[in-house]
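Observations on the three-dimensional arrangement
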Amino acid sequence: MGSMAADAQGARVESELACPVSPVLDIVFSRWTTPILWTLNEYGRQRFVALQRNIATITPKVLTQRLRQMERDGLVVRTYYPEVPPRVEYEISELGRSLAPIFAHLADWSAENLRKVERARQEFDAADEPVAVSLR
């Protein structure tokens, strides 16, 4: 169930109605979901250790948690092979792969606009610097 927000008239509305992409943002753009999906899409099916190595900065605990959630959300497929020792592989699902156009648009936006964002930040920070005030 979504959280409640007030509209312009003060009425309570579900946050999903106020911003219908909120649930998608929560699923897809959490801290580690995007790098995991990108890595699985880029390199294909991988074992846990290879996936962790390809992401580099993620801890095993967090990777396990995110993979479980992504499997639950249908974005990742986990395949268990009952061998000795057991082998587990992860791959992006068709549902996860369907996000590729969104990531492509974001990559295009990033290439086109990140310099503008950085420039805006620098201008903002420069204008926000404390001004020395003389108290004579």
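Look above for the structure.
Residues numbered from 1 in each chain as written. Predicted model: local features only at pLDDT ≥ 70, side-chain atom pairs only at ≥ 80, totals over all residues. Heavy atoms only, no water.

**Description of the overall build of the chain**
Rules: Here a helix means four or more residues in a row that DSSP labels H or I, a strand means two or more in a row labelled E, and each is numbered from the N terminus. For the exposure calls, accessible area comes from a 1.4 Å probe over protein chains only, and a residue counts as buried if that area is under 20% of its type's maximum, exposed if over 50%, partly exposed in between. In what follows, residue pairs with any heavy atoms lying within 4.5 Å of each other are defined as contacts. All accessible-area figures derive from a Shrake-Rupley calculation using a 1.4 Å probe, and residue coverage is judged against the displayed protein chains alone.
In terms of regular secondary structure, the chain is built from 7 helices and 5 strands. For the chain, the residues scored as buried account for 21% of the 136 residues in total. For the chain, restricting intrachain contacts to residue pairs at least 6 apart in sequence, the fraction spanning at least 24 positions comes to 38%. Accessible surface computed for the chain: about 10200 Å², of which carbon and sulfur atoms make up 57%.

**Description of the sheet that holds strand β5 (residues 87-92)**
Condition: Strand pairing requires that DSSP identify at least two bridges connecting the strands.
Strand order in the open sheet formed by 3 strands is β3-β5-β4, with antiparallel pairing between adjacent strands. This sheet does not close on itself; its edge strands, each paired only once, are β3 (46-47) and β4 (76-81). Strand direction decides the pairing type here: β4 and β5, joined by 6 bridges, are antiparallel. Across the sheet, residue Y81 finds its bridge partner in β5, namely R87.

**Observations regarding the packing of helix α3 (residues 33-43) against helix α4 (residues 48-55)**
Cut-off, in case you're wondering: All axes here are fitted lines through C-alpha atoms, helices being fitted over the stretch that makes contact, and every angle between N-to-C directions spans 0 to 180 degrees. An angle below 35 degrees is read as roughly parallel, one above 145 as roughly antiparallel, one from 65 to 115 as roughly perpendicular, and any other as oblique. Crossing handedness is read from the near helix: turned anticlockwise from the far helix by less than a right angle, it gives a left-handed crossing, and turned clockwise, a right-handed one. All amino acids are sorted into three groups, where Ala, Val, Leu, Ile, Met, Phe, Trp, Tyr, Cys and Pro are nonpolar, Asp, Glu, Lys and Arg are charged, and the leftover types, Gly among them, are polar.
The geometry of α3 relative to α4 is characterised by a closest axis approach of 10 Å and an angle of 110 degrees between their N-to-C directions. What the angle tells us is that α3 and α4 run roughly perpendicular. Regarding α3 and α4, the two cross each other, and that crossing is right-handed. Only L51, N54 and I55 of α4 make contact with α3, whose side of the interface consists of P35, I36, T39, L40 and Y43. Taken together, the residues of the contact of α3 with α4 sort by class into 6 nonpolar, 2 polar and no charged.

**Observations regarding helix α5 (residues 60-73)**
In an α-helix, one full turn covers 3.6 residues, which means residues spaced three or four apart are oriented alike. Definition in use: Helix span is expected to be 1.5 Å times the residue number reduced by one. It is the directions from the helix axis to the C-beta atoms that the arc portrays.
With 14 residues, α5 ought to run about 20 Å at 1.5 Å a step, and its terminal C-alpha atoms sit 20 Å apart, in line with that. Restricting attention to buried positions, one finds in α5 the residues L63, R66, L67 and M70. With its buried residues spanning 100 degrees around the axis, α5 presents them on a single face. Opposite its buried face, α5 presents the exposed residues K61, R68 and R72, each directed more than 90 degrees away. Buried-residue contacts for α5 involve α2 (22-28), α3, α4, β4 and β5. Immediately downstream of α5, the backbone of G74 shows phi near 85 degrees, a positive value.

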